[in-house]
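Survey of secondary and tertiary structure
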Amino acid sequence: MSEELIEIRGLRKSFGRGDARLEVLKGIDLSVHRGEVMGVIGVSGAGKSTLVRCINRLEPWDEGTIRIGGEDMGALSEGALNRKRQKIGMIFQQFNLLNSCTVFDNIALPLRYLRKRPEEIRQRVQRLLEIVDLTQKAHAYPSQLSGGQKQRVAIARALANEPEILLSDEATSALDPQTTESILRLLRRLNRELGLTIIVITHEMDVIRDICDRVAVIEKGEIQEIGTTYDVFAAPRSAVAQRFVSSIIRDDGGARLRTQSIRSEPAGGVPVRLRIQGGETEDPLQRLMRCYGLRARVLYGDVELVDGRSVGCYVARLDGEAEQIQAALNDMPAMTRIETEARTDD
Ligand code: ADP
Ligand code: MG
């Protein structure tokens, strides 16, 4: 998975002129490998939709280059651009279906536009309906569908011309968590089974966790951090990535313990915070027991599974010999002692 399908270099884009000029993309560099699911996460207004619209040249840009499959998108003629766009599907938060057309006709639209033969269209739409599991709804109208079903129609339509790239701009943002999960599962399956390269634009870190191989974190038109989803979850470097990760993994370093201690008697033992990162061959709690004879009681924690590996933290109390506790603290950099305030009543 090392071949670069999309290469964006020094992309700059602004809207308006003079005093009203707003620089929205400030020199974006981004490579997307063939066959990967690449996430782009940022808060509203960060420039995500503008970026994704530049990729298929729906939006012109001021500086920089975008290459797709080695071709310079900025240099394509209208005809060549139209052919290229057929290989780039796009889905949106608001589905963009034609309400006066049936599900079948919505999916057939891009094929009719290319004047494919009716029999070919029928077969292809049938196949697409199977892929998105909507065969029963072929003759329904969008108003008769749930949000998740509408997005499935939009996905089928986006796949009609057998694209090699799918751009997904907040495709699950209007859906409830369960429907989101089923749409993400469908996208993952399309990625695996069709080798579809997908760019997932989102403001939700759980979308990144659930399907992205890598993630780029964008803030105010600049990419602050790019890495594998696991690496960004395990060790976010930029402030903005840290904020996104903390929206999923609550890691307050023991603050809750200190708050609780005001209300209840401290339960004894030494409070510690343990960072959990996959890759460890032995659970740190087991290690505390095996190597130091310490008993660890988990008080609370937040551990997530990212790409099959655990990431997160526990807060625990250690019981055992003081020397052994100190030895464990010295040996295990992922474990730190939580300082609880000295009690004033003793
Ligand atoms: P995101 O998708 O991350 O929410 P957008 O790319 O939609 O961000 O927008 C980034 C910034 O560009 C916002 O401040 C937005 O108001 C501005 N913007 C987007 N499109 C236009 C446009 N057509 N004209 C003027 N400003 C725009
Ligand atoms: Mg947007």
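Just above sits the structure.
Everything quoted here is computed from the prediction, not taken from an experiment.

1. Regarding the sheet that holds strand 14 (residues 335-337)
Strand order in the open sheet formed by four strands is 12-13-11-14, and the pairing between neighbours is antiparallel. Pairing within the sheet leaves two strands with one partner each, and these edge strands are strand 12 (295-306) and strand 14. The mean inter-strand angle of the sheet, taken between neighbouring strand axes irrespective of direction, is 15 degrees. Of the strand pairs in this sheet, strand 11 (residues 270-277) and strand 14 are connected by three bridges, and their pairing is antiparallel. Paired with Leu274 across the strands is Met335, a residue of strand 14. Its contacts with the sheet place helix 12 (residues 322-331) against strand 11, strand 13 (309-319) and strand 14, and it is angled at close to 130 degrees to strand 14.

2. Some thoughts on the packing of helix 11 (residues 284-292) against helix 12
Relative orientation of the contacting elements helix 11 and helix 12 amounts to 125 degrees, with a least axis distance of 11 Å. Considered as vectors, helix 11 and helix 12 are oriented oblique to each other. Crossing of helix 11 against helix 12: the hand is right-handed. Only Gln324, Ala327, Ala328 and Asp331 of helix 12 make contact with helix 11, whose side of the interface consists of Arg287, Leu288, Cys291 and Tyr292. Across the contact of helix 11 with helix 12, the residue classes break down as five nonpolar, one polar and two charged.

3. Some details on the pairing of strand 3 (residues 37-41)
Most of strand 3 is tucked away: five of the five residues are buried. By the bridge criterion, five bridges tie strand 3 to strand 8 (residues 197-202) in an arrangement that is parallel. Residue Gly39 lies in a different strand from strand 8, and its bridge partner there is Val200. As defined by bridge partners, strand 3 adjoins strand 9 (residues 214-219) across four bridges and the pair is classed as parallel. In the sheet register, Val40 faces strand 9, and the bridge partner there is Ala216.

Quick notes on the rules
Residues numbered from 1 in each chain as written. Chains lettered and ligands numbered in written order. Predicted model: local features only at pLDDT ≥ 70, side-chain atom pairs only at ≥ 80, totals over all residues. Heavy atoms only, no water. Pairing = 2+ DSSP bridges. Helix = DSSP H or I, 4+ residues; strand = E, 2+ residues; numbered from the N terminus. Axes fitted to C-alpha atoms, helices over the stretch in contact; angles between N-to-C directions. Contact = heavy atoms within 4.5 Å. Parallel < 35°, antiparallel > 145°, perpendicular 65-115°, else oblique. Left-handed = near helix turned anticlockwise from the far one by under 90°. Nonpolar A, V, L, I, M, F, W, Y, C, P; charged D, E, K, R; others polar. Buried < 20%, exposed > 50% of the residue type's maximum accessible area, 1.4 Å probe, protein only.

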